[in-house]
Amino acid sequence: MKMVGSQKHRAEEEAQETCAPRFQRKTLTAPAPFADETSCQCRAPHEKLTIAQARLGTPVDRPVRVYADGIFDLFHSGHARALMQAKTLFPNSYLLVGVCSDDLTHKFKGFTVMNETERYEALRHCRYVDEVIRDAPWTLTPEFLEKHKIDFVAHDDIPYSSAGSDDVYKHIKEAGMFVPTQRTEGISTSDIITRIVRDYDVYARRNLQRGYTAKELNVSFINEKKYRFQNQVDKMKEKVKNVEEKSKEFVNKVEEKSHDLIQKWEEKSREFIGNFLELFGPDGALLSITYEPTPGTTSNTESSCSLFPRGEMSRSDSEYSA
């Protein structure tokens, strides 16, 4: 009996060891591994969880395995926020992200800007992703869920009609494995493509200016010449604008200098006038020096007046005046 118990315990330990991936996830220091490179063939008991149990942090011996899938073309903040929500749904979770291949995406949804390799790599470098599953299925099968030991599937709650189904996640919702996330308003791959298409001429001119050829941009000969001419016109406008701004700066500097010079001239003028009045004014210092008599003597004015009585002049003066 003891031997049976010890063998069972040893078997469980071996199963848990085989469940642990050889490629350890190094958060923020290395990209997430691909599922087919982890060599994880999980044989450990994988009990079915309810959402309530997962939110309580159970089971304690393993993380809750959450799966999110998508195309992730032109990976943007809306994608990242959805994955952040999926990663933080439960206290202890392991996020697997499935990315559909080019063939599958072009068949069911349409052409992408980024190819599948670029989209895989974009997901590997998102901080919330623990593992990336390449060539993910369009519709999740029980075999796929069992193979990757998926506990829950995270996606926004809007019914996703595709591949002849009104909602490809309907069977996941009915099984109690679906956990909804919220979409980010104002940002989507379609919105980004719409902006580029709407302002096509702007971006075509931009890339021509940066060295791309008309052939690479699929631009006709006439449009290429038109875009290059518009770029030249824009350059001339920019030069004129720069000249105007520099002219304004020069005029402003001249006005400032002129104002300073006028202010300094007014100050010097007031100082000069003040000094002049102090020297030559009615009470000026020069006049007081000229007419101030020496102590003990009479002034020239007084001596000249004493030579002639009041009202009389000398003969020579009277003759001269006659």
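Reading the values: rules and limits
- Residues numbered from 1 in each chain as written.
- Predicted model: local features only at pLDDT ≥ 70, side-chain atom pairs only at ≥ 80, totals over all residues.
- Heavy atoms only, no water.
- Helix = DSSP H or I, 4+ residues; strand = E, 2+ residues; numbered from the N terminus.
- Buried < 20%, exposed > 50% of the residue type's maximum accessible area, 1.4 Å probe, protein only.
- Areas by Shrake-Rupley, 256 points an atom, 1.4 Å probe, with all protein chains shown as cover.
- Arc of directions from axis to C-beta.
- Contact = heavy atoms within 4.5 Å.
- Polar contact = N/O pair within 3.5 Å; in protein donor to acceptor, adjacent residues only side chain to side chain.
- Pairing = 2+ DSSP bridges.
- Right-handed = clockwise from strand over helix to strand, strands pointing away.
- Core = buried A, V, L, I, M, F, W, Y, C linked by side-chain atoms within 4.5 Å.

1. Structural notes on the overall build of the protein chain
Now for step 1: Counting its secondary structure elements, the protein chain contains 13 helices and five strands.
Now for step 2: Expressed as a percentage of its 322 residues, the buried residues of the protein chain come to 30%.
Now for step 3: Here the protein chain has roughly 23,200 Å² of accessible surface; of this, 55% comes from carbon and sulfur atoms.

2. Let's talk about helix 5 (residues 116-124)
Now for step 1: Restricting attention to buried positions, one finds in helix 5 the residues R119, Y120, L123 and R124. All buried residues of helix 5 project into a common sector of 140° when viewed along the axis, lining one side.
Now for step 2: Buried residues along helix 5 sit in contact with helix 3 (77-87), strand 2 (93-99), helix 4 (102-108) and strand 3 (131-134).
Now for step 3: For helix 5, the N-terminal capping position is held by N115, with its side-chain oxygen 3.1 Å away from the main-chain nitrogen of T117.

3. Thoughts on the pairing of strand 4 (residues 152-156)
As a general feature of sheets, a regular strand has side chains that alternate between the two faces.
Now for step 1: With five of five residues buried, strand 4 is to be regarded as a mostly interior element.
Now for step 2: By the alternation rule, side chains of strand 4 split into F152, A154 and D156 and V153 and H155, which are all buried.
Now for step 3: In this structure, strand 1 (residues 64-70) lies alongside strand 4, joined through two bridges in parallel fashion. The residue bridging V66 from the neighbouring strand is F152, located in strand 4.
Now for step 4: Pairing of strand 4 with strand 5 (residues 178-181) involves four bridges; the strand directions are parallel. Each bridged residue has a counterpart across the sheet, and for V153 the counterpart in strand 5 is F178.

4. Focus: unusual backbone geometry
Now for step 1: Even without being a glycine, L74 presents a positive backbone phi close to 50°.
Now for step 2: Along the chain, L74 turns up in the loop between strand 1 and helix 3.
Now for step 3: Of note, the phi angle at D135 is positive, near 50°, even though the residue is not glycine.
Now for step 4: On the secondary structure map, D135 appears in the loop between strand 3 and helix 6 (142-147).

5. Overview of the pairing of strand 2
Now for step 1: For strand 2, a buried count of seven out of seven residues is recorded, marking the element as mostly surrounded by other parts of the structure.
Now for step 2: Both faces of strand 2 are covered, namely the face carrying S93, L95, V97 and V99 and the face carrying Y94, L96 and G98.
Now for step 3: Where strand 1 meets strand 2, seven bridges bridge the pair, whose relative direction is parallel. Paired with Y67 across the strands is L96, a residue of strand 2.
Now for step 4: After leaving strand 1, the chain enters helix 3 and then returns to the sheet as strand 2, a path that is right-handed.
Now for step 5: Across four bridges, strand 2 lies against strand 3 in parallel orientation. Residue pairing across strands places V97 opposite V132, the latter belonging to strand 3.

6. Digging into the nonpolar core
Now for step 1: Counting 23 residues, the largest nonpolar core has V66, L83, F90, V97, L123 and V129 as its most contacted members.
Now for step 2: Of all elements in the fold, only strand 1, helix 3, strand 2, helix 5 and strand 4 reach the threshold of two or more residues within this core.
Now for step 3: Apart from the residues lying within four places of it in its own chain, the contact partners of V66 are A86, L89, F90, S93, Y94, L95, L96, F152 and A154.
Now for step 4: Within the second largest apolar cluster, 16 residues are counted, among which are L96, V153, Y169 and M177.

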